Structures are given as structure tokens and as C-alpha cells.
Amino acid sequence: ETKLSIAIDGPAAAGKSTVAKIVAEKLSYIYIDTGAMYRALTYKAIVNHLNLESESSLLETLLSIDIKLIPSEKGQLVYINQQDVTHEIRSSEVTNSVSIVSKHQKVREEMVKRQQAFADNGGVVMDGRDIGTHVLPDAKVKVFLLASVEERAFRRHTENLQKGFPSNLEKLQEEIARRDKIDSEREIAPLKKADDAVEIDATSLTIPEVVEKIMALVEERA
Ligand code: C5P
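Per an unreviewed UniProt entry, the protein carries the name Cytidylate kinase and comes from Neobacillus massiliamazoniensis. We quote the UniProt Subcellular location (unreviewed entry) comment for the protein here in full: "Cytoplasm". Checking UniProt for the protein, the heading Sequence similarities (unreviewed entry) contains the comment "Belongs to the cytidylate kinase family. Type 1 subfamily."

Here you go:
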């Protein structure tokens, strides 16, 4: 049985990581959350008081750290060297700065290199913004997962409330829209559907329905 590479791209909070994890589990593939890598660098840059517009200092910091994505029963853990930063990288400070850090060409080149090395042996489900277009251009299955910004903000809001976090729907919608705008308008590897990606609009689909559509693509292409 051949192991495919599966690329899942799309705007913020569209449910990419949720469905990617389920698909990876079903296939016994490795799940790789590339957004977590940009978030880890952003966290480190904030802690070190770097100027987020400085490509050279961001690159220098990136080259000095090992970013590990470790599967566990509680989900994927993210480490910078020996430090567990799984929770820290989800803070609103990181979320609202990550699109600035990920604009830089040299940062992206290094990230793409690391991501391609993770995917070297196939059998991966990778989610992000440029997986189908740049990281895994030969992936057999490419999905572009989207949903209306209202629906994405509403889902994130509900998730926050369930976790007991404070949440403001209007603010969430603004932040998501702003992040999508920066990610789509950047010069280097912007958020964009690959020509050969299959678009799935999840606005009125459940998670199992999205998973089923992706599994059907996998079976078709295996
Ligand atoms: O997927 P997530 O929302 O965690 O991604 C955080 C940010 O990381 C995105 O908004 C984007 O700026 C950046 N990113 C990227 N390329 C990827 C994955 C994430 O530029 N492949």
C-alpha cells in the first residue's frame, strides 16, 4: 500500500487541524501542523523582544532553535528545544503577530525546508497555507478548506466558551479577517488554492462530513 501525502490549506479557523488530525488517525499517517511552527517562532520572537519586521533577526532566532511536533494522547505537543510551548503558542498575542513573522521570505524558506524533511517518507497529512502550492507541490491529495468568516468566528467563539475562556465574537471575526488578509496579500507564498486542489466549503458541513469528503479523495487517488 502506497503512502500518500495529503495537503490541507485554507483560511484561519476553518477546521483544518481538526479534520487533518482525524484523517491522519484513520490512515495511521503523521499529522503535521505547520501553523504551529510559525507560532513557535513568533512566541520565541516575542519573548526575546525581537522586531517582527526584522527578517535577519527572525532568521537568526529560527536557526538557533529546534521546533518539535510531538504526537501525544492529549493531541500534538509543540516544543522549542526542551521547552513545552503547546499552550503558549495559542495566546492571542502570538495569534495576532504570527502573520507578520510569516511574511518573511528567509523565514519561510527555512520553515519549508524543515516541513519537507518531516514529510520525506510520505504518509503525512500536513495543514497550513502554502502546503499544496509550495511545501508539497506533488501531494496526491490537495484540499482547500474554507468557510464563511462569520461561521469560522462563531465556531471559534463557541469553542472558547466551552473551554471557559473569555471570548468576543465581533473581535474574533475582525482578527480572523485581518489574519486572512495579511496571509493572502503577502508577497511570498500567499494563502491561495493550488490549481489542482479540491475546494471544500465547510460552512454548512459537519466535521464528519468534511472528513468523509477527504477520505473519498484519498481512496480515489490511492
Ligand atoms: O494554522 P494557524 O492558524 O495556526 O497558522 C498561524 C499562522 O501561521 C497563519 O495565520 C499564517 O500567518 C502562518 N502560516 C503560514 N504558512 C503555513 C502555516 C501557517 O504562513 N503553512
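Once you've had a look at it, read on.
J.: If you had to explain the packing of helix α8 (residues 149-162) against helix α9 (residues 169-185) to someone new, which residues and values would you point to?
T.: Two numbers describe how α8 lies on α9: the axes approach to 9 Å, and their chain directions differ by 125°. By the angle between their directions, the pair α8 and α9 is classed as oblique. In the crossing of α8 with α9, the sense of the turn from one axis to the other is right-handed. Across the interface between the two elements, Val149, Glu150, Arg152, Ala153, Phe154, Arg156, His157 and Asn160 from α8 touch Leu169, Leu172, Gln173, Ile176, Ala177 and Asp180 from α9. Here the contact of α8 with α9 is composed, by residue class, of seven nonpolar, three polar and four charged.

J.: Before we move on, can you summarise helix α2 (residues 34-47) with the specific residues and values?
T.: For α2, with 14 residues, the first-to-last C-alpha span of 20 Å sits near the 20 Å given by 1.5 Å per residue. Counted residue by residue, α2 has 10 buried out of 14 residues, so it is predominantly covered. Among all positions in α2, only Thr34, Ala36, Met37, Tyr38, Arg39, Ala40, Leu41, Thr42, Tyr43 and Ala45 are buried. By the N-cap criterion, in which a side-chain oxygen at the helix start approaches the backbone nitrogen of a residue two or three places on, α2 is capped by Asp33, the distance to Gly35 being 3.1 Å. Note on α2: the residue one or two positions beyond its end, His49, has a positive phi of about 55°.

J.: Residue-level account of the side chain of Arg186, with values.
T.: Checked against the element boundaries, Arg186 lands in the loop between α9 and β8 (198-201). Of the residues examined, Arg186 reaches a relative accessible area of 7% and is grouped as buried. For Arg186, the side chain forms a polar contact with the main-chain oxygen of Ile188, separated by 2.9 Å. Look past the residues within four positions of Arg186 in its chain and what remains in contact with it is Ser102, Lys103, Arg108, Arg129 and Leu191.

J.: With reference to specific residues and values, describe the sheet that holds strand β4 (residues 75-80).
T.: Note: strands within a sheet are paired through backbone hydrogen bonds, in either parallel or antiparallel orientation. The strand order across the open sheet built from three strands is β3-β4-β5, with neighbouring strands paired in antiparallel fashion. At either end of the open sheet lies a strand with only one pairing partner, and these are β3 (67-72) and β5 (83-84). One ladder, built from six bridges, connects β3 with β4; its direction is antiparallel. Paired with Pro71 across the bridge in β4 is Gln76. Sitting on the sheet, α2 is in contact with β3, β4 and β5, with an inclination near 40° to β4.

Basis of the calculations
Residues numbered from 1 in each chain as written. Predicted model: local features only at pLDDT ≥ 70, side-chain atom pairs only at ≥ 80, totals over all residues. Heavy atoms only, no water. UniProt positions renumbered as here; feature names shortened; annotations may be inferred. Axes fitted to C-alpha atoms, helices over the stretch in contact; angles between N-to-C directions. Helix = DSSP H or I, 4+ residues; strand = E, 2+ residues; numbered from the N terminus. Parallel < 35°, antiparallel > 145°, perpendicular 65-115°, else oblique. Left-handed = near helix turned anticlockwise from the far one by under 90°. Contact = heavy atoms within 4.5 Å. Nonpolar A, V, L, I, M, F, W, Y, C, P; charged D, E, K, R; others polar. Expected span 1.5 Å × (residues − 1). Buried < 20%, exposed > 50% of the residue type's maximum accessible area, 1.4 Å probe, protein only. Polar contact = N/O pair within 3.5 Å; in protein donor to acceptor, adjacent residues only side chain to side chain. Pairing = 2+ DSSP bridges.

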